[in-house]
Amino acid sequence: MNINVYTEATPNPATMKFIVNKLLINGSVDYPTKESAETSTFAKELYKFSFVNGVFFASNFVTVTKTEGTDWADIEPILKEFVKGAVESELVVKAEEHVEVDFEGTDTEIKIQQILNDYVRPAVEQDGGAITYKSFDEGIVTVELRGSCSGCPSSTVTLKAGIENLLKRMVPGVTEVVSEAY
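Attention here is on the structure that accompanies the text. Just so you know, these numbers come straight off a predicted model, no measurement behind them.

1. Topic: unusual backbone geometry
Positioned with a positive phi, Ser59 is a non-glycine residue whose angle comes to about 35 degrees. For Ser59, a relative accessible area of 23% puts it in the partly exposed group. Positioned with a positive phi, Glu138 is a non-glycine residue whose angle comes to about 50 degrees. Its place among the elements puts Glu138 in the loop between strand 6 (129–137) and strand 7 (140–147).

2. Quick notes on the sheet that holds strand 6
Across the sheet, three strands lie side by side as 6-7-8; this open sheet has mixed pairing. Where the open sheet ends on each side, the last strands, each with one partner, are strand 6 and strand 8 (176–180). Neighbour-to-neighbour, the strand axes of the sheet open up by a mean angle of 30 degrees, direction not taken into account. Both strand 6 and strand 7 contribute to a ladder of eight bridges, which runs antiparallel. By the bridge assignment, Thr132 is partnered in strand 7 with Glu144. Its contacts with the sheet put helix 3 (residues 107–126) on strand 6 and strand 7, and the angle it makes with strand 6 is roughly 160 degrees. Those strands touched by helix 4 (residues 155–170) are strand 6, strand 7 and strand 8, and its axis lies near 140 degrees from that of strand 8.

About the thresholds
- Residues numbered from 1 in each chain as written.
- Predicted model: local features only at pLDDT ≥ 70, side-chain atom pairs only at ≥ 80, totals over all residues.
- Heavy atoms only, no water.
- Buried < 20%, exposed > 50% of the residue type's maximum accessible area, 1.4 Å probe, protein only.
- Helix = DSSP H or I, 4+ residues; strand = E, 2+ residues; numbered from the N terminus.
- Pairing = 2+ DSSP bridges.
- Axes fitted to C-alpha atoms, helices over the stretch in contact; angles between N-to-C directions.
- Contact = heavy atoms within 4.5 Å.

The structure is reproduced here in structure tokens:
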């Protein structure tokens, strides 16, 4: 198979999506630090670049967070070539590195998780990120934003104007959505 890689900007100026024409992982996995990448050869190799400050895999793309002061114009071709070579040499993310979607809890909690999975997750993944349900307590839904969403300047707007409004409309009892620091 001929591997093609193209890039896509994300709402977070520090991150870039490197999209390939092959499934990398069924789900998503985040390696926000060099130390966290020890279980993934692909992520570990990316962290060997001094300008890489975060790695996130989902379906057919890897989102890379760059270090401050680095220009995408300088590093994008290097990373694009690396991702292409890594995928061609079968240096892919292992399936066991992700967690299967498993909804549990009360009927309300399951409904919240289903909405996040069906409506929010695909949109967040389009921007190179991921969202994880953490809890629902006294009307407050707590989520965790990862990948390009972690530290993104527009993530608060997405959280409040998008996710919170959606859940308030679709799930009686939801009063607020907050993000837990990752």
